[in-house]
Every structure is written in structure tokens, then in C-alpha cells.
Amino acid sequence: MNERKIRVLIAKPGLDGHDRGAKVVARGLRDVGMEVIYTGLRQTPEQIVQSAIQEDVDVIGLSVLSGAHEYYCRRVLELLREKGAGHIVLVVGGVIPPEDIPRLKEMGVAQVFGPGTPISEVAEFIRQVVKR
Amino acid sequence: MKELLDRAISGDPIAIARVITLVENGEEYGIRLLQDLYPLTGKAHYIGVTGAPGVGKSTLIDKLIWHLRSRGEKVGVVAVDPSSPFTGGAFLGDRLRMQRHATDPGVFIRSMGSRGALGGLARATADVVKVLDACGFNFVIVETVGAGQNEVDIVKTADTVILVIVPGMGDEVQIIKAGIMEIGDIFVVNKSDKDGAQRLAKELEAWIEFGYEGSGWIPPVVMTIAEDGTGVDRLVSEIDRHRAYLNDSGELKRRREKRVMEEINVALGESIKRRIRDVLEDEVMQRYVSEVLEGRRDPYSVVEEILGKLTKGGV
């Protein structure tokens, strides 16, 4: 099987303790043929970005339930740019108030997936964005 | 291409990661890169860590990294997890347990799916290890899927093979039956605070004494508790001792000879398959399939015919 796989890194920044949702998404993406690197809980933006670089991922998926999504998205995007990895796409899922979405997108977040988003939607978005 | 390579060799993680991806995908470009990197390989000590799922390999490697870093070594890790044979996807969760090293520039961790390779260890893994070797990591640790017999593949790649088992899994009988024992240079009994650990270690030692009489290297049995790092310092000194043994006894040279032989054979097989795929048209293949199904010929003569065309210069 010598073909290009889509690689996605899924991480939970900060102090969130619940990762069931993130794991469900991770497994869902695996089930549609992607390679998903799951880095687990309590990751700092530095750890997330450095891991994404080493793993040469196409997409970073942040899972944030704690409300600190704006901070983490901003920090991850900054670090990606700083390190010359601005080509990596950032998406975020979890508990994100809809009114925050425009601001996040303006920052550079490619898409926000609220609770209950079907995995197929996430997968399709990723496939489209990687093609570009 | 030269620029990408130069950046990788000088330690730029983005470049290293990109080279790994190209090499892993097995494309022409990746192979050219490998050719250029090859002269720079051979400096790293390759350690293979294998064992059943859940025995604590990742946690152990996390502690190993810590020890090696504290004496200034640069460590590369390749963590291989199974790819789904149906979807081709993979859930790569080994690095989770090593994440405290994620921002250490002296550590490079890469997760890989086995991508359908037999033997549990992706063909590409051996190539990825070479990339890390060439880019200055003096220890490269490969963690494999550990599903049982398939671990024999790792022997063809590693200098030192560490087999990790835990008490209470009925491991000892399984391992001895499967012949896996023969591939271990160092045996680790992890979760050694659990019941049965001492007994397991003694059984292992007895088996080793019986099986390795007269050998130059008698595999040691190291008891560890990877969770808190107990025993890992002893593991590191056994790794050092094995490395010294390999160098002093000439065994290293023998193993690397075997490795090169294997590499050439695998590359040859893949190259031939690729060439056939490139020139054998679907309709032609379909015709062969129909002929076999209709009983007009057998598959083996089909193969002979294809190979004959290949050597004559194209189908």
C-alpha cells in the first residue's frame, strides 16, 4: 500500500479531563482510512505543534471543552506560523459557543465542529481541505 | 531536493518529518532521498522493543528516552501500530505516553501505521529508522505492534531486541511455543510489582540457561516497573553491555550483513512488482484471470509468462 495517507493529529489542550469525544472522532477518522495520531490529555500548545511537525500531519484537531478555545487556537496558530508550519490546517471541536465561531475563523481556524457533528462531516471537510 | 536533505541533516524537524513522509510513501523521490542519505547511516544503535499489547512498551520507552537524554544522547523513536486491513486507517496512540519529550529538540518521535505489511513491522519502518540515523539521532528505538509471532520481523532491523512480557498473561507458554524467545537479546519482565513476576523471571532464566548454553550472549532478564521507572537504569546498562558485545564479538557485522541482504531482497521484490504493475495493463491481466477461471491454464504459467515478458523488456 504505497499511497499518500491523510494524517491528523488530535489533541486536548489544557486541563480538560474528558476525552471520550476526541477518541470517538479519532476512531471515526481511522475508520475512513486516515492515520490519526492521538496525543491525549493535558497538552500544551508547544507539545501539540511540535508533535504535529514531527508527524508531518495535514490537520490538527483540537478538542476543547473548557471554554479556553480562543486562547488555545490563537496560541497554536501563532506557533505553527513561527515554526514555519503554517500549512497545517487547524480545526476545533468541543463546546464552542456559536458566537465565537466568526472570531475563530478570522484567526485562521479552518472549521469549528460543534457537539453532535457527524464524523462523516468532519472526514469530508478534512478530505476537501487537504486536496487544496 | 538537496535543500530538503541539507535541512534534515542539520536537524530541522520539519525537513526531517517531510523526508520521513516521502520515504514512508515509497515513491521514486523518497527512494532517491534514501540513496543520498545512505552514506550517513550506520552510526545509530537501533533498539527494537516488542511485546504483546498492554505490556507497557510505550511507558518503558518513555523512561528509556529520559535516561538516554540525561546522558546527552539524541533519541529517535518510531512507534508502529496496526493499520486496519479494511480501511487502511490507523489509530496511533503510542506517543501519548512519551509526550513529555515532545518539545525536547534532542528527541524525535514518529508514529507509523503498519500499512498492511506482513510481519507486523512496516517495510517502510526500516527506511524511516535510516532517516533518523542519518539525521544525527544516535539511538533509534522502534516499538512494534507486538501481536505475537510476527515480531520475528524486527530482528532483521534492530541491533538490540528487547522483548517485554508481564506476569499473569500466560505469556511464558505462548512465547516458548512461538519461538519468540529466540529473538530477544534482553528480556524485560514489566509490571514486576504484580503477582507472579518473580516466578516468571525464574522460568525465563531457566529457559535461557537451557537454550543459550555456549552462546556468546546470554540474554539477561530485567525486572521493571515502567510506570515509575524502577529497573530502567539496569535496562540501560544491559543495552550498553549488549552493544559492547556486538562490537567486540563481530556479531554486529554479521547482523548488519543479514540486514543488508534482507534490504536488497525486499527492495528487489518491490521494484519488480512496481515495474510489472506499471506495464501490465488491466485488460491483459483480466484476460489471464479469465483463462485461469475457464480452466485453460494455471496461475503459475501466467506468472512465468509475465516474468518472461518483463525480462524481454516490457509487456
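Placed above this text is the structure.
What this report covers is the structure whose coordinates are included nearby.

About the cut-offs
Residues numbered from 1 in each chain as written. Chains lettered and ligands numbered in written order. Predicted model: local features only at pLDDT ≥ 70, side-chain atom pairs only at ≥ 80, totals over all residues. Heavy atoms only, no water. Pairing = 2+ DSSP bridges. Helix = DSSP H or I, 4+ residues; strand = E, 2+ residues; numbered from the N terminus. Axes fitted to C-alpha atoms, helices over the stretch in contact; angles between N-to-C directions. Contact = heavy atoms within 4.5 Å. Salt bridge = Lys/Arg side-chain N within 4 Å of Asp/Glu carboxyl O. Buried < 20%, exposed > 50% of the residue type's maximum accessible area, 1.4 Å probe, protein only. Polar contact = N/O pair within 3.5 Å; in protein donor to acceptor, adjacent residues only side chain to side chain. Buried area = accessible area lost by both parts, 1.4 Å probe. Nonpolar A, V, L, I, M, F, W, Y, C, P; charged D, E, K, R; others polar.

### Thoughts on the sheet that holds strand β3 (residues 90-92) of chain B
Then step 1. The 6 strands are arranged β5(A)-β4(A)-β3(A)-β1(A)-β2(A)-β3(B) in an open sheet whose pairing can be described as parallel. Of all the strands in the sheet, the pair left with one neighbour each is β5 (111-113) of chain A together with β3 of chain B. For this sheet the average axis-to-axis angle between neighbouring strands, irrespective of direction, equals 25°.
Then step 2. Bridge count between strand β3 (residues 59-64) of chain A and strand β4 (residues 89-94) of chain A: 6 bridges; the pairing is parallel. Counted as the bridge partner of Ser63(A) is Gly93(A) from β4(A).
Then step 3. Contacting β1 (7-13), β3, β4 and β5 of chain A, helix α5 (residues 119-131) of chain A runs over the sheet at an angle of about 170° to β5(A).

### Here's the deal with the pattern of salt bridges
Residues and elements named next belong to chain A.
Then step 1. Summed over the entire model, instances satisfying the criterion amount to 39 salt bridges over all chains.
Then step 2. A salt bridge links Arg 74 to Glu 70, with the nearest nitrogen and oxygen atoms 3.8 Å apart. Here the residue Arg 74 and the residue Glu 70 both occupy positions in helix α3 (residues 69-82), the gap between them amounting to 4 residues, near one helical turn.
Then step 3. On the basis of relative accessible area, Arg 74 is assigned to the partly exposed category, the value being 39%.
Then step 4. Assessed through its relative accessible area of 19%, Glu 70 is described here as buried.

### As for the side chain of Thr50(B)
All names here are of chain B.
Then step 1. You can see Thr 50 is positioned in strand β1 (residues 45-50).
Then step 2. What makes Thr 50 buried here is its relative accessible area of 0%.
Then step 3. Engagement of the side chain of Thr 50 in a polar contact is seen with the side chain of Thr 144, the distance being 3.0 Å.

### Some thoughts on the sheet that holds strand β7 (residues 186-189) of chain B
All names here are of chain B.
Then step 1. Sheet architecture is open: 7 strands sit in the order β4-β2-β5-β1-β6-β7-β8, paired in parallel fashion. Only two strands of the sheet have a single neighbouring strand rather than two, namely β4 (107-113) and β8 (221-223). Neighbouring strand axes in the sheet, compared pairwise and without regard to direction, differ in orientation by 20° on average.
Then step 2. Here strand β6 (residues 160-165) pairs with β7 via 4 bridges, running parallel. Across the sheet, the residue bridging to Ile 165 is Val 189, located in β7.
Then step 3. Packing against the sheet, helix α8 (residues 197-211) makes contact with β6, β7 and β8, and its axis sits at approximately 170° to β8.

### Points about the environment of Lys43(B)
All names here are of chain B.
Then step 1. Looking at the secondary structure, you find Lys 43 in the loop between α3 (28-37) and β1.
Then step 2. As a C-alpha pair, Lys 43 and His 242 span 199 residues in sequence and 16 Å in three-dimensional space.
Then step 3. Excluding anything up to four places from it in sequence, Lys 43 contacts Asp 133, Ala 134, Asn 138 and Arg 243.
Then step 4. From its side chain, Lys 43 meets the backbone oxygen of Leu 40 in a polar contact 3.2 Å long.

### Examining the interface of chain B and chain A
Then step 1. On the side of chain A, 31 residues touch chain B, which itself brings 31 residues to the contact.
Then step 2. Counting each side, the surface lost to burial between chain B and chain A is near 2,700 Å², with a carbon and sulfur contribution of 50%.
Then step 3. Viewed at the interface, chain A and chain B are joined by 2 salt bridges.
Then step 4. Note that Glu55(A) is salt-bridged to Arg95(B), the shortest N-O span being 2.8 Å.
Then step 5. The tally of links between chain B and chain A comes to 19 residue pairs in polar contact (both at pLDDT 80 or more).
Then step 6. Secondary structure elements with two or more residues in the side of chain B that touches chain A: α2 (13-24), β3 and β4 of chain B.
Then step 7. Tallied by class, the residues present in the side of chain B that touches chain A amount to 11 nonpolar, 12 polar and 8 charged.
Then step 8. Pairing analysis gives 3 bridges linking strand β2 (residues 35-43) of chain A to β3(B), with the strands arranged parallel. What sits directly across from Ile37(A), in β3(B), is Leu92(B).

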